[in-house]
Structure formats: structure tokens, C-alpha cells
Amino acid sequence: MADKTESLLQLRPANVQDVGEILALIRELADYEKLLHEVDATQADLTRDLFGPAPRAHCDIAMWNGEVAGMAFWFYNYSAFLGRAGIYLEDLFVRPAFRGNGIGKRLIAHLAQRCVDENLPRLQWSVLDWNTPSIAFYESLGADVLREWFACLMSRKAIDALATSYARVEASP
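Residues numbered from 1 in each chain as written. Predicted model: local features only at pLDDT ≥ 70, side-chain atom pairs only at ≥ 80, totals over all residues. Heavy atoms only, no water.

Now for the nonpolar core. Among the nonpolar cores identified, the biggest contains 21 residues, and Trp64, Leu89, Leu92, Ile103 and Leu107 are the most heavily contacted of them. Counting only elements with at least two residues in this core, the list comes to strand S2 (58-64), strand S3 (67-79), strand S4 (84-94) and helix H4 (103-117). Per element, the largest residue contribution to this core is five residues, and it comes from H4. Setting aside chain neighbours within four positions, we find Leu89 in contact with Ala72, Phe73, Trp74, Ile108, Leu111, Gln124 and Trp125. Ranked by size, the runner-up nonpolar core spans 19 residues in total, among them Ala14, Cys59, Ile61 and Phe93. (Core = buried A, V, L, I, M, F, W, Y, C linked by side-chain atoms within 4.5 Å. Buried < 20%, exposed > 50% of the residue type's maximum accessible area, 1.4 Å probe, protein only. Helix = DSSP H or I, 4+ residues; strand = E, 2+ residues; numbered from the N terminus. Contact = heavy atoms within 4.5 Å.)

And the structure:
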């Protein structure tokens, strides 16, 4: 099976011609997570941030027998405790028709190899608490699901309100 998988699966860095497909994968993931209404990303956003002069994110594409099967969308983060950069996996998605072929595992293993090659001490991501199949999958790879940590997220509205209130305090005599 490994030989067959090796011949059918190819991983490669995304290129600018993939932007439409990347956005489609993001939307499919959001739909699976019941968050499609939150997708504001456009092809222009992805082109700017993946392929512009100062890329802010990266994407690896999984091709199965010549078809786009999935992606790993990631960026470098930094641990002040470790004094080193790591990788944050923002989105991992394999299209349902291609699941069960080891594609998700290979995408994560590919990022793990990048960590080894670049001497990065940490590979990190989040998972929704209701997504028990993904939690079990990640634990099977050796990941620790940190149930004592809570993700914090500020919406643009909350960011604007906080920044505005802070700016008023600084402007006060």
C-alpha cells in the first residue's frame, strides 16, 4: 500500500495558480466546521499574503492522482519561553473523497520534517472540541491535546473598540 500511496500522492508548495483552489478548500473546511458564514477571505487576500513581497503564510497542497485532495495552511509563530520560532498549522483539510489514504498524516509529517530541517522545536494547531475524529487522529500521531488551555480570539469589532478606548486614554492629559 505504501508504494501505491507514494505513486498517487504528491505534496508541493502552493503557487499563485492555486489561489482559487486554496480558497475553495478553505470554504469546504469552513462548511464542515459550520463556519462558512465567517469566511471573508478573497483570492486577492490569499495572493497578497501567500505570494506577495512579504508572505505572511504558506500553503502546501496535496495532490492525489493529479487532483487537489487537500492542504496544510500554516505560518511561523514564536515561543518566548523557548526563544525559538515554530510552525502554527492554521488549517489542515482533506476533501472527504480522499480521506482514508493517509493524506492528512503525510501533510502533518511534511510540516514535522520542516521543523526538523529548520530546527524548530514546536508544531502547534487547534482543533474544535466537538471534532472527536480529528482529536483522535491527532493523538494517534503523538500530539498532546491541551485541554487546560483555551483559545482566545478578538473579532475586528472588539479590536477596534479596544484600540479606540486605549487611544482615548493615551490622548487624555
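With that settled, the discussion passes to the pattern of salt bridges. For the coordinates displayed, the defined rule picks out eight salt bridges. Residue Arg156 pairs with Asp160 through a salt bridge whose shortest N-O separation is 2.8 Å. Note that Arg156 and Asp160 are positioned in helix H6 (residues 156-171) at a spacing of four residues, about one turn of the helix. By relative accessible area, which is 34% here, Asp160 ends up partly exposed. A single salt-bridge network, built from bridges that share partners, covers Glu21, Glu28 and Arg95. (Salt bridge = Lys/Arg side-chain N within 4 Å of Asp/Glu carboxyl O.)

Taken together, the side chains of Met154, Ile159 and Leu162 present a nonpolar region at the surface, about 270 Å² in accessible area. Relative to the elements of secondary structure, Ile159 occurs in helix H6. On the accessibility criterion, Ile159 (39% relative accessible area) is partly exposed. (Patch = residues over 30% accessible without salt bridge, like charges linked within 9 Å, V, L, I, M, F, W, Y side chains within 5 Å. Areas by Shrake-Rupley, 256 points an atom, 1.4 Å probe, with all protein chains shown as cover.)

Orientation of helix H2 (residues 19-32) relative to helix H3 (residues 43-51), taken along the N-to-C sense of each, is 110 degrees, at an axis distance of 9 Å. With respect to each other, H2 and H3 are oriented roughly perpendicular. Seen along the crossing, H2 lies across H3 with a hand that is right-handed. Here Val19, Gly20, Ile22, Leu23 and Ile26 of H2 come into contact with H3, specifically with Gln43, Leu46, Thr47, Leu50 and Phe51. Residues belonging to the contact of H2 with H3 are distributed by class as follows: seven nonpolar, three polar and no charged. (Axes fitted to C-alpha atoms, helices over the stretch in contact; angles between N-to-C directions. Parallel < 35°, antiparallel > 145°, perpendicular 65-115°, else oblique. Left-handed = near helix turned anticlockwise from the far one by under 90°. Nonpolar A, V, L, I, M, F, W, Y, C, P; charged D, E, K, R; others polar.)

Counted by the stated rule, this structure contains five aromatic pairs. Between Tyr32 and Trp130, the aromatic rings sit 5.9 Å apart at their centres with planes inclined by 50 degrees, giving tilted as the arrangement. Note that Tyr32 is positioned in helix H2 and Trp130 in the loop between strand S5 (123-125) and helix H5 (132-140), a separation of 98 residues in sequence. Classification of Trp130 by relative accessible area gives partly exposed; the value is 38%. The interplanar angle of 80 degrees and the centroid separation of 5.2 Å between the aromatic rings of Trp74 and Tyr76 together place this pair among those described as edge-to-face. (Phe/Tyr/Trp six-rings, centres within 6.5 Å; stacked < 30°, edge-to-face > 60°.)

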